[in-house]
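# Remarks on the overall topology
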Amino acid sequence: MTENPTAGSSIKVNGASFEQMPPDLYIPPDALEVFLDRFEGPLDLLLYLIRRENIDILDIPVAEITRQYMSYIDMMQTMSLELAAEYLLMAAILAEIKSRMLLPRVVKPGEANEEDPRAELVRRLQEYEQFRQAAHAIELLPRMDREHHLLHIDTSSIPSRKIPPEIALDAVLDAMKGVMQRLERLKHHRIFQEPLSVRERMVEILQKLGAGRSLNYRTLFSAGEGRRGAVVALLAILELCRDAMINIDIDEAEGQILVSPRRQTE
Amino acid sequence: MANLHDVPLQTLLEAFLFATDRPLTLDELMGLIPEDRIPERTVMLETLDAIRQDYKDRESPIELVQVASGYRLQIAAFMGDWVARLFEERTQRYSRALLETLAIIAYRQPVTRGDIEAIRGVSASGNIVRTLLDRDWIQAVGHKEVPGRPVLYATTPEFLDYFSLQSLEQLPPLTGFNLSLESLHGVTAEKKETGESSTDA
Amino acid sequence: MANLHDVPLQTLLEAFLFATDRPLTLDELMGLIPEDRIPERTVMLETLDAIRQDYKDRESPIELVQVASGYRLQIAAFMGDWVARLFEERTQRYSRALLETLAIIAYRQPVTRGDIEAIRGVSASGNIVRTLLDRDWIQAVGHKEVPGRPVLYATTPEFLDYFSLQSLEQLPPLTGFNLSLESLHGVTAEKKETGESSTDA
């Protein structure tokens, strides 16, 4: 079979600088560079040579393959392609196998046959070849944007609903405690510590009692002000009492507590 | 590959509309059709109309609409809210500022934004109040009778429901603090006082 | 909003599939249906089958397929090549190095970078692995308990989805050494008729 491996290209090389080129490789220098650059590594190159020579992988003529391999390496170096270290390592492996093949194989009686020096290389070539083929098979699988195409349905009109985060009651309490701690620190720097709402309420109560009336203490609270309002009112009443501004009397007959302004004359 | 000449124009146009991620104009659609088959514009318009009608008749969950930049397929309006389930977004955790604002409103209601600012010592962002309003946890319950008549906020029954409380009394007590709730009043009252001072003669 | 109870299950499922740009599993689809209407799994499967059949019967330009991460709608195979022609720029090309690395991870997973390099006989795999990670086709699944604790890589459901596979079993089987393989290089369009011939040395 004399078919050129680069069948389809009828280009001839006309330079003399490629004497060392294998006789079957007629490619102009720039195309050659592309060609050499396509090898994925030394195993890939070796498989190419084996395939091209139609060699049985289980019985590789190591001397011949090494010679061809080295001529490619030389070419790559001549063309100053960046040569990965693996190529040189493989050259060393081939040289070693070649030399071992030259030694007479001594099989001592009772011992298992010495392993073929080529066995490990063959195993690696076979393994790599498997995945090279698998890569090709994957390349042929139908895939997105080549055989298969997604649909693009506009969804911009769909309202985006946000799910609000959950919180625990403890978090609210913690937040409140934080606020209060801050306030407390702040308070130490204040000149007056009197809660102003109590002061304010004290004024209000005094105004209500201004006419010199006695009032049921209940009337000093308003139903709508809630617990905290009641606490303020109570604190205001106690404060007024302590400051001797009002009197608190218990009317046992009526079962009520009366609050009245303290008279100056007393 | 199917021979394009066997594929009805309607199917062809549908495929183009399905496959592109933006609206296509009539001219763009015509440009996608093999040259020897490009129909009259009227045929194009009729076919697009047929597609539209077809989806409608089948009560398909998608519809063909014409927008400024051309024709596009979109989820039919009547399905929008159902499909929205797919686009639900979980928002981030609430900020410390939001929790504090909620706490102050819960424990000190009704309060104005000014009150909240006075207690927190930081200006309260309108966003936080809006978030709480959106969540139905707080509501406007009136106006404070000071200049500017600021809105008074209080918690809602939904707020109680969310935390499985029957009333505000069931809020955890603020124990372990020397500072009583009174202090909060102090701060807000101070604010209030300055507010009122301008009205008092 | 249409009352969901008036919308047929088939329309609802179609809408969900139309609205997402990723496959949806049966469980995800069921999770999107209002609680009081969630059908039996068999009903779900029947409905999905009805959708598939419906498109086929109508010779619609779309089809329902099942891939690793679930169900998805896509342009029907018979229209695929046409669409590909129109959107050629979308078609990605992958280097042999990338495909070989991907093949090794797919068939040998979990593997380390060292394993990949040993098989390919080339040491530069970092960039390719990074590209595959970026594409979400592979993921780190642990460490190999050897010195250096190298990362172990495996493929993802997204990898299977991209190639329209439902499981790794659907990958083409690994073949043995085959001399007749002619896909070596684009440059060498060499044809060998003697596939199994063993030349004696």
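This section reports on the structure supplied with the text.

Cut-offs used in this document
- Residues numbered from 1 in each chain as written.
- Chains lettered and ligands numbered in written order.
- Predicted model: local features only at pLDDT ≥ 70, side-chain atom pairs only at ≥ 80, totals over all residues.
- Heavy atoms only, no water.
- Helix = DSSP H or I, 4+ residues; strand = E, 2+ residues; numbered from the N terminus.
- Contact = heavy atoms within 4.5 Å.
- Expected span 1.5 Å × (residues − 1).
- Buried < 20%, exposed > 50% of the residue type's maximum accessible area, 1.4 Å probe, protein only.
- Phe/Tyr/Trp six-rings, centres within 6.5 Å; stacked < 30°, edge-to-face > 60°.
- Arc of directions from axis to C-beta.
- Core = buried A, V, L, I, M, F, W, Y, C linked by side-chain atoms within 4.5 Å.
- Buried area = accessible area lost by both parts, 1.4 Å probe.
- Salt bridge = Lys/Arg side-chain N within 4 Å of Asp/Glu carboxyl O.
- Polar contact = N/O pair within 3.5 Å; in protein donor to acceptor, adjacent residues only side chain to side chain.
- Nonpolar A, V, L, I, M, F, W, Y, C, P; charged D, E, K, R; others polar.
- Pairing = 2+ DSSP bridges.
- 1 Å grid on protein atoms, 1.4 Å probe; cavity = no way out; pocket = protein on both sides within 12 Å on 5 of 7 lines; lining within 4 Å.
- Points joined across faces, edges and corners; volume = space filled by probe spheres on them.
- Axes fitted to C-alpha atoms, helices over the stretch in contact; angles between N-to-C directions.
- Parallel < 35°, antiparallel > 145°, perpendicular 65-115°, else oblique.
- Left-handed = near helix turned anticlockwise from the far one by under 90°.

## Here we look at the overall build of chain A
Check the secondary structure of chain A and you find eight helices and four strands. The helix and strand sequence of chain A, counted from the amino end, reads α-α-α-α-α-β-α-α-β-α-β-β. Restricting the contact set of chain A to residue pairs at least 6 apart, pairs at least 24 apart contribute 54%.

## With respect to helix α5 (residues 96-108) of chain B
Residue and element names in this part refer to chain B. For α5, which comprises 13 residues, the first-to-last C-alpha distance of 18 Å matches the rise-based estimate of 18 Å (1.5 Å per residue) to within 8%. Extensive coverage of α5 is indicated by the burial of 11 of its 13 residues. Taken together, the buried positions of α5 are Leu98, Leu99, Glu100, Thr101, Leu102, Ala103, Ile104, Ile105, Ala106, Tyr107 and Arg108.

## Section: the packing of aromatic side chains
Applying the stated rule across the entire model yields 16 aromatic pairs over all chains. Ring geometry for Tyr94(B) versus Trp137(B): centroids 6.2 Å apart, planes at 70°, classification edge-to-face. Here Tyr94(B) is found in the loop between β3 (89-90) and α5, whereas its partner Trp137(B) is found in the loop between α7 (126-134) and β4 (138-143), with 43 residues between them in sequence. What makes Trp137(B) buried here is its relative accessible area of 2%. With a centroid separation of 5.1 Å and an interplanar angle of 75°, the aromatic rings of Tyr162(C) and Phe163(C) are classed as edge-to-face. Residue classification places Tyr162(C) among the buried positions, given a relative accessible area of 8%. Feature note: the residues Tyr94(B), Trp137(B), Phe159(B), Tyr162(B) and Phe163(B) constitute an aromatic cluster, connected by ring pairs.

## Some points on helix α7 (residues 126-134) of chain C
Since the α-helix turns once every 3.6 residues, residues separated by three or four places project in the same direction. Residue and element names in this part refer to chain C. Listed as buried for α7 are Gly126, Ile128, Val129 and Leu132. Around the axis of α7, the buried residues are gathered within 165° of arc, so they sit on the same side. Exposed positions of α7 whose direction lies more than 90 degrees from the buried face are Asn127 and Asp134. Residues of α7 that are buried make contact with α5 (96-108), α6 (113-120), β3 (138-143) and β4 (151-155). Following α7 by one or two positions, Asp136 has its phi on the positive side, about 65°.

## A few points about the nonpolar core
Grouped together as the largest cluster of nonpolar side chains are 60 residues, with contacts concentrated most on Phe18(B) and Phe18(C). When near neighbours in sequence (up to four residues on either side) are disregarded, Phe18(B) contacts Leu150(A), Leu151(A), His152(A), Ile153(A), Tyr55(B), Ile62(B), Leu73(B), Phe18(C), Pro61(C), Ile62(C) and Ile75(C).

## Regarding the interface of chain B and chain C
How big an interface is tends to be expressed through the accessible area that disappears when the partners come together. In this complex, chain B contributes 29 residues to the contact, which on the side of chain C involves 32 residues. Summed over both partners, the interface of chain B with chain C comes to about 2700 Å²; 78% of that surface belongs to carbon and sulfur atoms. Taken together, the connections running from chain B to chain C amount to zero salt bridges. In this assembly, chain B and chain C are joined by zero residue pairs in polar contact (both at pLDDT 80 or more). It is helix α1 (residues 9-19) of chain B that provides the largest number of residues to the side of chain B that touches chain C, a total of seven residues. Taken together, the residues of the side of chain B that touches chain C sort by class into 20 nonpolar, three polar and six charged.

## What to know about the sheet that holds strand β4 (residues 256-261) of chain A
To summarise the sheet geometry, strands pair through backbone hydrogen bonds and adopt either a parallel or an antiparallel arrangement. Residue and element names in this part refer to chain A. The strand order across the open sheet formed by three strands is β2-β4-β3, and the pairing between neighbours is antiparallel. Only two strands of the sheet have a single partner each, and these edge strands are β2 (215-216) and β3 (246-251). Both β3 and β4 contribute to a ladder of six bridges, which runs antiparallel. The residue bridging Ile250 from the neighbouring strand is Ile257, located in β4.

## Describing empty space enclosed by the protein
Where empty space is left can be seen by rolling a probe of water-molecule size over the atoms. One pass over the full model with this rule turns up four cavities of 30 Å³ or more. Of the volumes computed, that of the largest cavity is approximately 80 Å³. Leu150(A), Leu151(A), Leu17(C), Phe18(C), Thr20(C), Asp21(C), Arg22(C), Pro23(C), Arg72(C) and Leu73(C) together form the lining of the largest cavity. Secondary structure elements with two or more residues in the lining of the largest cavity: α1 (9-19) and β2 (70-75) of chain C. Considering only residue class, the lining of the largest cavity consists of six nonpolar, one polar and three charged.

## Here's the deal with the side chain of Glu100(C)
Looking at the secondary structure, you find Glu100(C) in helix α5. The exposure class of Glu100(C) is buried, given its relative accessible area of 1%. Setting aside residues no more than four positions away along its own chain, Glu100(C) makes contact with Glu40(A), Tyr128(A), Phe131(A), Arg132(A), Ala135(A) and Arg120(C).

## With respect to the pairing of strand β1 (residues 62-67) of chain C
Strand direction decides the pairing type here: β1(C) and β2(C), joined by six bridges, are antiparallel. Within β2(C), the residue paired with Val65(C) across the bridge is Arg72(C).

## A few points about the packing of helix α3 (residues 62-78) of chain A against helix α4 (residues 85-102) of chain A
Relative placement of two packed helices is described by the angle separating their axes and the distance separating the axes. Residue and element names in this part refer to chain A. At their nearest, the axes of α3 and α4 sit 10 Å apart, and the two run at 155° to each other. One way to sum up the angle between α3 and α4 is to call them roughly antiparallel. When you trace α3 past α4, the crossing you get is left-handed. Across the interface between the two elements, Val62, Ala63, Thr66, Tyr69, Met70, Ile73, Met76 and Gln77 of α3 pack against Glu86, Tyr87, Leu88, Met90, Ala91, Leu94, Ile97, Lys98 and Met101 of α4. Residue composition of the contact of α3 with α4, grouped by class: 13 nonpolar, two polar and two charged.

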